[in-house]
Amino acid sequence: MSSALRHLPPVILFRKDYVSSGLFTRIQALFMLDLIELSRIIDKTPDDFFPCPVQYLKESLSWDSDTQSRMLSHLTEKGFVDVKRMGLPSCRYVRVHIDKIEDAIDQLTDTTT
């Protein structure tokens with residue numbers, strides 16, 4: 001992907017090859033899109049983390065807590081997101097690494113062509 005496209009809003013970067021590349025299942029891709037959109041509308045910490053409460057994703061976006069846990073675990077293992085807890089009361093914060101996702105897709109699509 002050209003570096004010029006990396007500077008477009010993240011929703012533009014969410015291409016169909018998130019699934020067709022084999023990097024994500026459809027459900028994982030939808031969850032990732034929700035995280036990307038959430039990261040665009042919520043204020044971030046200086047190190048790019050944003051609050052991502054379990055209850056918010058459950059009530060507003062219909063992601064149950066078990067699915068959230070599985071998806072975030074999978075995305076963390078791949079290095080596409082970081083998750084930490086901060087504050088009192090404790091709240092989950094997430095940082096999305098769009099560049100890492102795009103690089104992984106580029107590598108997958110380069111090896112299949």
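Residues numbered from 1 in each chain as written. Predicted model: local features only at pLDDT ≥ 70, side-chain atom pairs only at ≥ 80, totals over all residues. Heavy atoms only, no water.

Attention shifts here to the sheet that holds strand 3 (residues 91-96). If you trace the three strands from one edge of the open sheet to the other, you get 1-3-2, paired in antiparallel fashion. Each edge of the open sheet is held by one strand with a lone partner, namely strand 1 (50-51) and strand 2 (81-86). As paired strands, strand 2 and strand 3 are joined by six bridges and run antiparallel to one another. For aspartate 82, the partnering residue across the bridge sits in strand 3 and is arginine 95. (Pairing = 2+ DSSP bridges. Helix = DSSP H or I, 4+ residues; strand = E, 2+ residues; numbered from the N terminus.)

As a further point, take the packing of helix 4 (residues 26-41) against helix 6 (residues 65-77). Where helix 4 meets helix 6, the closest approach of the two axes is 11 Å, and the angle between their N-to-C directions is 85 degrees. Relative to helix 6, the element helix 4 is oriented roughly perpendicular. Here Ile27, Gln28, Phe31, Met32 and Leu35 of helix 4 lie close against helix 6, whose contacting residues are Gln68, Met71, Leu72, His74 and Leu75. The class makeup of the residues in the contact of helix 4 with helix 6 is seven nonpolar, three polar and no charged. (Axes fitted to C-alpha atoms, helices over the stretch in contact; angles between N-to-C directions. Parallel < 35°, antiparallel > 145°, perpendicular 65-115°, else oblique. Contact = heavy atoms within 4.5 Å. Nonpolar A, V, L, I, M, F, W, Y, C, P; charged D, E, K, R; others polar.)

Looking now at the nonpolar core. With 24 residues, the main nonpolar core has Phe24, Met32, Leu35 and Val96 as its most contacted residues. Mapped onto this core, the elements with two or more residues apiece are helix 4, helix 6, strand 3 and helix 7 (98-112). (Core = buried A, V, L, I, M, F, W, Y, C linked by side-chain atoms within 4.5 Å. Buried < 20%, exposed > 50% of the residue type's maximum accessible area, 1.4 Å probe, protein only.)

With that settled, consider unusual backbone geometry. A cis amide bond, omega -5 degrees, links leucine 88 with the succeeding residue proline 89. Structurally, the position occupied by proline 89 is in the loop between strand 2 and strand 3. Positioned with a positive phi, aspartate 48 is a non-glycine residue whose angle comes to about 70 degrees. Tracing the chain through its elements places aspartate 48 in the loop between helix 4 and strand 1. One non-glycine residue, serine 62, adopts positive backbone phi at about 65 degrees. With respect to the helices and strands, the residue serine 62 is situated in the loop between helix 5 (54-61) and helix 6.

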